[in-house]
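Residue-level listing of the chains:
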Amino acid sequence: MSQGENRHQTQTHSGAHPRSYSSELPVTGAWQKGDPPGNRQFFTVERGSGERGLGEGPANFILEGGGALSEVTLAYETWGKLAADGANAVLICHALTGDSHVCGDSSRGHPTPGWWGEMVGPGKVIDTNELFVVCANVLGGCQGSTGPSSANPTTGRPYGSEFPVVTVRDIVRSQRRLADYLGITRWLTVVGGSMGAMQALEWGIMFPDRVGSVCALAGCMAASAQQIGWSAVGRTALALDPNWNGGDFYDNPSGQGPHAGLAIARSLAQITYRTDEVFEERFGRDLYDIRSVFGLWDRFQVESYLDYHGEKLAKRFDANSYLVLNRVMDLHDIGRDRGGIATAISRLKVPVLSLSISSDTLYPPHQQMALHDAVVATGGRCVYTVVDSPQGHDGFLLETEAVGEAIAGFLDKIGADSAGGNLA
């Protein structure tokens, strides 16, 4: 972000905030049909082939909250080769603003490199020479899977404000259908951090016979009041952007999407993802423009950093998907309609890795320790690991060496256990 793009008036004590966004920004950063697919593959849940009740109905994908989608498409990527017996399949579940591109270079179809490239690939912790790895963009997302920016089959126009609320359980049911399509009857393990950890846990609870183990990183069993509070403020900031237009903004011209609202929501979240220690070491009280400090809107370097990440997200994400998936996380509660958390946890029949980042204040370690204690209390098996890091919640993405060692050690213990050893 150049200084030329962000001029600031010295001694500006009043007036509008000087932050503006490029007129070339698209109204949505969503992947759209006709865009280069990159490594994406696509699977569409067949209409009329679903389950009745809380599941896919005879003509619709029925959602937990009562809504329905007449068609669900998942964009997914795979790495490696599925073994003849299907025993080497690993599902990786992404976090809030992630997508299916876990590893690989950037390209026309993938504007950024894989978000976990240091963990997944040939010879890495999740070794694609040995494993068949799958990651799908979640239902409600914006990188090829059905979401608010997708065309509603009934109208041919983006769903926008008409897109229903979805839950983690809805996401997992759609992933289960993808597993069926791929011929995977049982995952060796399901791995995810943050919102991905929520999916991993629900996999173990909803389909215990189809999961060999669960790796839940920096997650929780139910969203806390503080987590919901942070989310609510971010969603409100986005919704107050007049360009959001109640969710129906896709006909706006370029440069007039809800970029400001999305950027502010992202900036707020970015603060919760990191720590005071990291911000202090990286930015301190350094100024963006050393010639100017006393103007009301003169910026410190940390403000420039937050602005940069806000605009960066606007280029690759969709404002409505941000709202929908943010709400997915708030609604996460494994005990809902199951008689409570203990009853839900008792459904887990497989070993669990519960991993904390020591400095995480958004998903603090006591939540992952509570998962460990709940699993053990029901007679289950759980390994609890704390990664000592100053990086905060983002540590599950950034501390790849320590997180990788924890996952590798856990999977080795599972192997030893199946061979007659003991899972500590």
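Residues numbered from 1 in each chain as written. Predicted model: local features only at pLDDT ≥ 70, side-chain atom pairs only at ≥ 80, totals over all residues. Heavy atoms only, no water.

### Focus on the overall build of the chain
Now for step 1: Of regular secondary structure, the chain possesses 11 helices and 12 strands.
Now for step 2: Relative to its length of 424 residues, the chain is compact, with a C-alpha radius of gyration of 22 Å against a globular reference of 22 Å.
Now for step 3: Dimensions of the chain along its principal axes, counting C-alpha atoms only, are 70 × 50 × 40 Å.
Now for step 4: Per-residue burial for the chain yields a buried fraction of 54% across its 424 residues.
Now for step 5: Pairs at least 24 apart in sequence give 74% of the contacts found in the chain among residues at least 6 apart.
Now for step 6: In the form shown here, the chain has an accessible surface area of approximately 18200 Å², with 51% of it arising from carbon and sulfur atoms.
Now for step 7: Mean positive and mean negative side-chain charge positions of the chain (33 and 46 charges, respectively) differ by 5 Å. (Helix = DSSP H or I, 4+ residues; strand = E, 2+ residues; numbered from the N terminus. Rg over C-alpha atoms; globule rule 2.2 N^0.38 Å. Buried < 20%, exposed > 50% of the residue type's maximum accessible area, 1.4 Å probe, protein only. Contact = heavy atoms within 4.5 Å. Areas by Shrake-Rupley, 256 points an atom, 1.4 Å probe, with all protein chains shown as cover. Lys, Arg positive; Asp, Glu negative; His and termini not counted. Charge placed at Lys NZ, Arg CZ, Asp CG, Glu CD.)

### Notes on the nonpolar core
Now for step 1: By size, the foremost hydrophobic cluster in this structure holds 75 residues, and its most contacted members are Trp187, Trp203 and Tyr322.
Now for step 2: For Trp187, the contacting residues outside a window of four places in its chain are Ala89, Val90, Leu91, Val134, Ala179, Trp203, Arg210, Val211 and Gly212.
Now for step 3: Ranked by size, the runner-up nonpolar core spans 28 residues in total, among them Trp116, Leu131, Val383 and Ile414. (Core = buried A, V, L, I, M, F, W, Y, C linked by side-chain atoms within 4.5 Å.)

### As for the state of the cysteines
Now for step 1: Tallied over the full model, the rule gives zero disulfides.
Now for step 2: As a non-bridged cysteine, Cys103 has Cys135 as the owner of its nearest cysteine sulfur, 9.5 Å distant.
Now for step 3: Unpaired in this structure, Cys142 has its nearest cysteine sulfur neighbour in Cys135, at a distance of 13 Å.
Now for step 4: Cys142 sits in the buried class, given a relative accessible area of 2%. (Disulfide = S-S within 2.5 Å.)

### Observations regarding the sheet that holds strand S8 (residues 132–136)
Now for step 1: Ordered by their spatial adjacency, eight strands build an open sheet running S1-S4-S8-S5-S9-S10-S11-S12, and the pairing between neighbours is mixed. Where the open sheet ends on each side, the last strands, each with one partner, are strand S1 (41–45) and strand S12 (382–387). Each adjacent strand pair in this sheet contributes to an overall mean axis angle of 20°, direction not counted.
Now for step 2: Pairing of strand S4 (residues 72–79) with S8, which is carried by four bridges, proceeds in the antiparallel orientation. From the neighbouring strand, Tyr76 faces S8, where its bridge partner is Ala136. (Pairing = 2+ DSSP bridges. Axes fitted to C-alpha atoms, helices over the stretch in contact; angles between N-to-C directions.)

### Regarding the side chain of Gln368
Now for step 1: Here Gln368 is to be found in helix H9 (residues 365–377).
Now for step 2: When its relative accessible area of 1% is taken as the criterion, Gln368 is described as buried.
Now for step 3: A distance of 2.6 Å separates polar atoms of two side chains, one belonging to Gln368 and the other to Ser356.
Now for step 4: Residues contacting Gln368, with those up to four places away along its chain left out, are Ala218, Gly219, Ser354, Leu355, Ser356, Tyr363 and Tyr384. (Polar contact = N/O pair within 3.5 Å; in protein donor to acceptor, adjacent residues only side chain to side chain.)

### Brief notes about helix H1 (residues 168–182)
Now for step 1: In this model H1 runs 21 Å from its N-terminal to its C-terminal C-alpha over 15 residues, within 8% of the 21 Å that 1.5 Å per residue would give.
Now for step 2: Taking burial as the measure, the 15 residues of H1 include 13 buried ones, the bulk of the element. (Expected span 1.5 Å × (residues − 1).)

### Details of the side chain of Ser150
Now for step 1: Within the secondary structure layout, Ser150 lies in the loop between S8 and H1.
Now for step 2: A polar contact is formed between the side chain of Ser150 and the backbone nitrogen of Gly147, at a distance of 2.9 Å.
Now for step 3: Once residues lying within four places of it in the same chain are set aside, the contact partners of Ser150 are Ser145, Arg157, Pro158 and Tyr159.

### Considering helix H7 (residues 319–331)
Now for step 1: The end-to-end C-alpha distance of H7, which contains 13 residues, comes to 19 Å, matching closely the 18 Å that a straight helix rising 1.5 Å per residue would cover.
Now for step 2: Along H7, 11 of the 13 residues are buried, which leaves the element largely enclosed by surrounding structure.
Now for step 3: For H7, the complete set of buried residues consists of Ala319, Asn320, Ser321, Tyr322, Leu323, Val324, Leu325, Asn326, Val328, Met329 and Asp330.
Now for step 4: Summarising the contacts, the buried residues of H7 are in contact with H1, helix H2 (195–206), helix H3 (225–239), helix H4 (259–273) and helix H6 (301–316).
Now for step 5: N-capping of H7 is provided by Asp318, with a side-chain oxygen placed 3.1 Å from the backbone N of Asn320.

### What to know about unusual backbone geometry
Peptide bonds are mostly trans, and most non-glycine residues show a negative phi.
Now for step 1: Its identity is not glycine, yet Ser194 carries a phi of approximately 60°, on the positive side.
Now for step 2: If you trace the backbone, Ser194 turns up in the loop between strand S9 (189–193) and H2.
Now for step 3: With a phi close to 50°, Ala218 is a non-glycine residue in the positive phi region.
Now for step 4: Relative to the assigned elements, Ala218 resides in the loop between strand S10 (214–217) and H3.

### Considerations on the packing of H3 against H4
Now for step 1: Two elements in contact, H3 and H4, have axes separated by 7 Å at closest approach and are oriented at 160°. Classified by the angle between their axes, H3 and H4 sit roughly antiparallel to one another. In terms of crossing hand, the pair formed by H3 and H4 is right-handed. Where H3 abuts H4, its residues Trp230, Val233, Gly234, Ala237 and Leu238 lie against Gly261, Leu262, Ile264, Ala265, Leu268 and Thr272.
Now for step 2: Of the residues that constitute the contact of H3 with H4, the class distribution is eight nonpolar, three polar and no charged. (Parallel < 35°, antiparallel > 145°, perpendicular 65-115°, else oblique. Left-handed = near helix turned anticlockwise from the far one by under 90°. Nonpolar A, V, L, I, M, F, W, Y, C, P; charged D, E, K, R; others polar.)

### A closer look at the confidence of the model for the chain
Now for step 1: Per-residue confidence for the chain averages 91 on the pLDDT scale, and 90% of its residues sit at or above 70.
Now for step 2: Scored below 50 in pLDDT, residues 1–14 makes 33 contacts in the model with residues more than four places away or belonging to other chains.
Now for step 3: Here residues 48–57 is modelled with pLDDT under 50, and outside its nearest four sequence neighbours on either side it reaches 24 contacts, counting other chains as well. (pLDDT = per-residue confidence, 0-100.)

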